[in-house]
Structure formats: C-alpha cells, structure tokens
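Okay, here's what each chain looks like letter by letter:
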Amino acid sequence: MSRFWSPFVKNLVPYVPGEQPKLSRLVKLNTNENPYGPSPLALAAMQAELGDSLRLYPDPNGEHLKQAVADYYSIQPDRVFVGNGSDEVLAHAFQGLFQHDKPLLFPDITYSFYPVYCGLYGISFETVALDENFQIRAEDYARPNGGIVFPNPNAPTGCLLPLVAIERILQANPDSVVLVDEAYIDFGGETAVGLVDRYPNLLVCQTLSKSRSLAGLRVGLAIGHPELIEALERVKNSFNSYPLDRLAIAGAAAAFADREHFSRTCNAVIDSRERLVAALQVLGFEALPSAANFIFVRHPAWDAAQLAATLREQGVIVRHFKHPRIEQFLRITIGTPEQNQALLDALAGQQ
Ligand code: PMP
C-alpha cells in the first residue's frame, strides 16, 4: 500500500494466477497448458509475419482471425469477437453485458476470476451451489439476475453440462445474458455455438490457450448475436483498440484452419486423460468425470495440500485450491504419457 495509490487500487483484490516456475526440469501439471504444442502451420504463419510488416499497426478488428473462426464454425464473422486471451474477452463481457440492478449468478465452485471482475467493475453477485455430485443444476438459475456465467466444462471440477441443460437456462432467462465460458470445451464437450442463432442472449467465450496450445500467444474469442458483439467492441475500443498483435492474428487464424493438428492433439489429450484416471484409481484416488484437459481428484487417505507440497518437492506441480468444499481435491493437468508417468512414479513413493 502506498500513499500514491488511488482509492480504487487500494480496494482491488486481484486474481492470483497459477505458478509459472522458471525451472524447466519440473513436470508442470498446474495451469492446464497443452503438452502437444501449437500447430506447425500456426508457427509458420507467425514466422512469415516476422519482418517489415511489424512496423505497421495490426488490423484493430482482427478480421482475418474472425473469418477463420467463422469458417470453422460455419457462422457469419459479425458474430465473432477476438481479444487478448479469454480473460480479456471475459472482462469486456462483464463490463459490457451484465446489469447492475440485480446480482450476477455463477457457481460457488468455479473459475476464480469471476468474483475478481465483479470487484473490478462493481457488479454484485450471488453464487449458486453445485449439487452433491459437483454438477451445475440448471433449475437453480431460474431466479432474478443481472446475468449468468459459468464455464462448460466447469473449472476446476471438469464436469460437463449438456446442451439441453444450457438451453433450459437460456429459456428461463430471456432478459439476461448467459455467458458460457468454453475454455475447455474441445476435450470432450459439445459447444453451444450452434445455439447462438436461436438465443440472442447467449455469449460463448473460447480460448486458444488450451485445445490449440497457444497460451503464450494470448488469444481468446467470443461468439454471439451481433448486438452482444457490438457491446464487446465498444468496451474494447474504449480500452485498447489493438488487443491482438500481427503475430497473434496470423498464428491464431492458421491454428483454426489446421483441423488435423487440432483433432489429433485433442484426441491425444483425451486418451492420456482416460489412462491417467484409470492409473490413479488403481492407487485409490477418486476422480470427478472430466471433459477437460485436467482432472479433479481426491484420495481418501491423503491430505491434498500436503500431497501437493510433497509432489512439488519431487518435481511435479499440481494445483490445490483453498475453498472449503474442495480442499481435499487436487486439480491435475493432463500431460504427455511420460509426464503422467512421472506423476504416478512420485505418487508410488507416497505409499
Ligand atoms: N476461463 C477459464 C474457465 C479458465 O480456466 C481460463 C484459464 N485460466 C480462462 C478462462 C482464461 O484463459 P486465457 O486467458 O488463457 O484465454
């Protein structure tokens, strides 16, 4: 705290991102990156952009990327918004689309950035408890609200909500924006993008950080009715008119066009996830059903915080959350078979 800080900054409670260690010998299974790496076509597109063109500002609207996303989903490009990581896209949505006269609703166990944005933008919120199986219950969202947001699959549980349940939430709330944060949708879920034409109150948010393995490039997007997209553009143009640089636009567009690399690497993650769950169950772990590139597990005999600390000493980092209902769980990012084996070897030493 400093006397030079504004009253606004004094009151901020910022988000704390997962650890990004410098030591490359660590097996890093803590922030849901994708171990299989970006599309070679995306890397080539960025290489091609490295030259004199960097002298010039990028396209402020990232039209080339919007078109690539529109082609991928067979939708019109005016339904697409692009930004600097989905964290930024979410921030614009919180500021531009949620009302202040009623509380925003989101699950009690969810992405911990949501309450931070509420603090930043002065939005009141109410959390809605997950059911006893850690699932979102659509009926619980049929109450007055200034908007609804949840990840699908949810984070950090990995549990998927079927599209029929999402439609029930949309139908019960025709006057609120329902933001479905699909950061992890490509690892076994069905996207809600196909519902956008029928529900003008639906905004779907996605990222290239997970299934397209470009967390370092910082690209996210939203898909929704053009009226919702216009609100995001207004906020963006009042904040940073060039959120995506030339490399990001070129690389992200090429990543969307490379369907072969995308589906091969997503399938490899899914396959690796199923093998890891089976191996952990043999060790006595219980895992929630995951449709994401991470799993949420607990062991009846081991304290999760202690286990995370011991694993770290052995060079494997996983994520532990302090929330009381989930403090006996660990969130483990799916690695390559070799990384998963390193985790299993470290756990074998615990017995
Ligand atoms: N939504 C959820 C649910 C996430 O877990 C994350 C990753 N921390 C994000 C959004 C943000 O991803 P990014 O900013 O890398 O696009």
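What counts and what doesn't
Residues numbered from 1 in each chain as written. Predicted model: local features only at pLDDT ≥ 70, side-chain atom pairs only at ≥ 80, totals over all residues. Helix = DSSP H or I, 4+ residues; strand = E, 2+ residues; numbered from the N terminus. Expected span 1.5 Å × (residues − 1). Buried ≥ 20, exposed ≤ 12 C-beta atoms within 10 Å, placed from the backbone. Arc of directions from axis to C-beta. Near = placed C-beta within 6 Å. Nonpolar A, V, L, I, M, F, W, Y, C, P; charged D, E, K, R; others polar. UniProt positions renumbered as here; feature names shortened; annotations may be inferred. Pairing = 2+ DSSP bridges. Contact = placed C-beta atoms within 7 Å. Core = buried A, V, L, I, M, F, W, Y, C linked by C-beta atoms within 7 Å. Domains from an automatic or database assignment. Axes fitted to C-alpha atoms, helices over the stretch in contact; angles between N-to-C directions. Parallel < 35°, antiparallel > 145°, perpendicular 65-115°, else oblique. pLDDT = per-residue confidence, 0-100.

1. Some points on helix α7 (residues 226–237)
Phase 1: With twelve residues, α7 extends 16 Å between its outermost C-alpha atoms, agreeing within 8% with the 16 Å of an ideal straight helix rising 1.5 Å per residue.
Phase 2: Within α7, the full set of buried residues consists of Leu-228, Leu-232, Val-235 and Lys-236. Along α7, the residues classed as buried sweep out an arc of 100° about the axis, all on the same side. Exposed side chains of α7 directed beyond 90 degrees from the buried face belong to Glu-227 and Asn-237.

2. Focus: the site of the ligand
Phase 1: Taken together, Gly-85, Ser-86, Asp-87, Tyr-111, Pro-151, Ala-155, Asp-181, Ala-183, Thr-207, Ser-209, Ala-215 and Gly-220 make up all the residues around the ligand.
Phase 2: Ranked by the residues each element gives to the shell around the ligand, the list is headed by helix α4 (residues 85–97), at three residues.
Phase 3: Looking at the shell around the ligand residue by residue, the class counts come to five nonpolar, five polar and two charged.

3. Structural notes on the UniProt feature "domain: Aminotransferase class I/classII large" (unreviewed entry) in the protein
Phase 1: Mapped onto this numbering, the UniProt entry annotates "domain: Aminotransferase class I/classII large" (unreviewed entry) at residues 26–347.
Phase 2: Secondary structure across residues 26–347 divides into 38% helix and 15% strand, with the first and last C-alpha atoms of the span separated by 15 Å.

4. Notes on the sheet that holds strand β10 (residues 294–298)
Phase 1: Taken in spatial order, the three strands of this open sheet run β9-β10-β12, and their pairing is antiparallel. Only two strands of the sheet have a single partner each, and these edge strands are β9 (286–287) and β12 (330–333).

5. Thoughts on unusual backbone geometry
Phase 1: With an omega dihedral of -5°, the bond running from Asn-152 to Pro-153 counts as a cis peptide bond.
Phase 2: Its place among the elements puts Pro-153 in the loop between β5 (147–151) and α6 (163–172).
Phase 3: Positive phi outside glycine occurs at Asn-32, with the angle close to 55°.

6. Points about the UniProt feature "modified residue: N6-(pyridoxal phosphate)lysine" (unreviewed entry) in the protein
Phase 1: With numbering aligned to this structure, UniProt lists the feature "modified residue: N6-(pyridoxal phosphate)lysine" (unreviewed entry) at Lys-210.
Phase 2: Of note, Lys-210 is situated in the loop between β7 (202–207) and β8 (220–224).
Phase 3: Taking the number of C-beta atoms within 10 Å as the measure of exposure, Lys-210 has 25 and is therefore buried.
Phase 4: Other than its neighbours up to four places away in sequence, Lys-210 contacts Asn-32, Asn-34, Ala-183, Tyr-184 and Asn-293.

7. Considerations on the nonpolar core
Phase 1: Counting residues in hydrophobic clusters, the biggest one holds 97 residues, and the most contacted among them are Ala-93, Leu-179, Leu-203, Val-204, Ala-222 and Ala-252.
Phase 2: Among the elements that take part in this core, helix α8 (residues 246–257) stands out by supplying eight residues, more than any other.
Phase 3: Of the residues that make up this core, three or more belong to each of domain 1 (7–37 + 260–349) and domain 2 (40–258).
Phase 4: When neighbours within four sequence positions are excluded, Ala-252 is seen to be in contact with Leu-65, Leu-208, Leu-214, Leu-217 and Val-219.

8. Some details on the sheet that holds β7
Phase 1: Pairing in this open sheet of seven strands is mixed, and the strands run β2-β8-β7-β6-β5-β3-β4 from one edge to the other. Sheet topology places β2 (80–83) and β4 (125–128) at the edges, where each strand pairs with a single neighbour. For this sheet, the mean inter-axis angle between neighbouring strands, taken without regard to orientation, is 20°.
Phase 2: In this sheet, β8 lies alongside β7 in antiparallel orientation, the contact comprising five bridges.

9. A few points about the packing of α4 against α7
Phase 1: Orientation of α4 relative to α7, taken along the N-to-C sense of each, is 105°, at an axis distance of 9 Å. Accordingly, the angle class assigned to the pair α4 and α7 is roughly perpendicular. Residue-level contacts link His-92, Ala-93, Gln-95, Gly-96 and Leu-97 of α4 to Leu-228, Ala-231, Leu-232, Arg-234, Val-235 and Lys-236 of α7.
Phase 2: Residues of the contact of α4 with α7, tallied by class, amount to six nonpolar, three polar and two charged.

10. Some points on the confidence of the model for the protein
Phase 1: Predicted confidence across the protein gives a mean pLDDT of 96, with 99% of residues reaching 70 or more.
Phase 2: Across the interface, the model reports ipTM at 0.99; the global pTM reads 0.97.

11. Some points on the pairing of β12
Phase 1: The alternating pattern of β12 places Leu-330 and Ile-332 on one face and Arg-331 and Thr-333 on the opposite face, and all of these are buried.
Phase 2: When β10 meets β12, the two strands line up antiparallel, connected through four bridges. Note that in β12 the partner of Ile-295 across the bridge is Ile-332.

12. Observations concerning the domain arrangement of the protein
Phase 1: As far as domains go, the protein holds domain 1 (7–37 + 260–349) and domain 2 (40–258).
Phase 2: Listed as interface residues are 30 residues of domain 1 and, on the opposing side, 24 residues of domain 2.
Phase 3: Those elements that place two or more of their residues in the side of domain 1 that touches domain 2 are α9 (259–282) and β10.
Phase 4: The element best represented in the side of domain 1 that touches domain 2 is α9, accounting for seven residues.
Phase 5: Grouping the amino acids of the side of domain 1 that touches domain 2 by side-chain chemistry returns 18 nonpolar, eight polar and four charged.

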